[in-house]
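# A structural walkthrough
Each chain, written out:
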Amino acid sequence: MEQEIRLNSAALEKWIEDMEQKLTALRDLLDILETEEKGLKSIWDGGAMGQWERRFGELMQQLRECFGKIRELLAGINESAYALAKLEAEMTDEAEKLSIE
């Protein structure tokens, strides 16, 4: 019985790279949002602004926390991907040795 082994560490590495780029774009958007919020302070004053500003701060803090968690998860995935790529290379070497024999 012939079996086929398909390993996709390259695809996983590409996915991780894409996710890192998306996270960078998200961080850039959050920076822009924070800058725009500062500009809004200069033209909006009063109680409503204070309430909005507090809520904005709470939500931005939640976003920062989630962003940090995502970065940690992505770092763990990246570490696992490296281990899988190494295993894939070892398995490919062993398979080539078996086909030569």
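Everything here concerns the structure above.
Residues numbered from 1 in each chain as written. Predicted model: local features only at pLDDT ≥ 70, side-chain atom pairs only at ≥ 80, totals over all residues. Heavy atoms only, no water.

### Focus on the overall build of the protein chain
For the record, the criterion: Put simply, DSSP H or I for four residues or longer makes a helix, DSSP E for two residues or longer makes a strand, and each gets a number counted from the N terminus. Note on method: radius of gyration uses C-alpha positions; expected globular size equals 2.2 Å times residues raised to 0.38. Should any heavy atoms of two residues lie within 4.5 Å, those residues are counted as being in contact. A residue counts as positive if it is Lys or Arg and as negative if it is Asp or Glu; His and the chain ends are not included. Charged side chains are reduced to one point each, which is NZ for Lys, CZ for Arg, CG for Asp and CD for Glu.
Each helix and strand counted, the protein chain has two helices and zero strands in total. A compact globule built from 101 residues should have a C-alpha radius of gyration of about 13 Å, whereas the protein chain, at 23 Å, is more than 25% larger. In terms of principal-axis extent, the alpha carbons of the protein chain reach across some 80 × 20 × 15 Å. Counting only contacts in the protein chain whose residues sit at least 6 apart along the sequence, the fraction spanning at least 24 positions is 74%. Distance from the positive charge centre (13 side chains) to the negative charge centre (23 side chains) of the protein chain: 9 Å.

### Focus on the pattern of salt bridges
Any two side chains of opposite charge can pair, on the condition that their charged atoms come close. Here is the rule we go by: Any carboxyl oxygen of Asp or Glu that lies within 4 Å of a side-chain nitrogen of Lys or Arg is treated as forming a salt bridge with it. Only protein chains enter the accessibility calculation, which uses a 1.4 Å probe; a residue whose area is less than 20% of its type maximum is buried, one above 50% is exposed, and one in between is partly exposed.
Following the criterion strictly, the structure yields six salt bridges and no others. A salt bridge links Asp-31 to Arg-27, with the shortest nitrogen-to-oxygen separation between them at 2.5 Å. Residue Asp-31 and its partner Arg-27 are both found in helix H1 (residues 9-41); the two are separated by four residues, about one turn of the helix. Residue class for Asp-31 comes out partly exposed when judged on its relative accessible area of 34%. We classify Arg-27 as partly exposed; its relative accessible area is 23%. Note that Glu-34 and Arg-27 form a salt bridge whose closest N and O atoms lie 3.5 Å from each other.

### Considering the side chain of Glu-34
To keep things clear, this is the line we draw: Counted as a polar contact is a pair of N or O atoms within 3.5 Å, where, for protein atoms, one must be capable of donating a hydrogen and the other of accepting one, and residues adjacent in sequence contribute only when both atoms are in side chains.
Along the polypeptide, Glu-34 turns up in helix H1. Its relative accessible area of 17% is what places Glu-34 among the buried residues. A polar contact of 2.3 Å, which involves the side chain of Glu-34, links it to the side chain of Arg-64. Apart from residues lying up to four places away in sequence, Glu-34 is in contact with Arg-27, Phe-56, Met-60 and Arg-64.

### Considerations on the packing of aromatic side chains
Short version of the rule: Aromatic contacts are taken between Phe, Tyr and Trp rings whose centres are within 6.5 Å, Trp giving its six-membered ring; a plane angle under 30 degrees counts as stacked, one over 60 as edge-to-face, and the others as tilted.
Considering all chains together, one arrives at two aromatic pairs under this definition. Ring geometry for Trp-44 versus Trp-52: centroids 6.0 Å apart, planes at 50°, classification tilted. By relative accessible area, which is 30% here, Trp-44 ends up partly exposed. Here Trp-52 falls in the partly exposed class, since its relative accessible area comes to 32%. With a centroid separation of 5.0 Å and 20° between ring planes, the pair formed by Trp-52 and Phe-56 is classed as stacked. Remark: Phe-56 and Trp-52 occur in helix H2 (residues 47-100); sequence separation between them is four residues, near one turn of the helix. Phe-56 sits in the buried class, given a relative accessible area of 12%.

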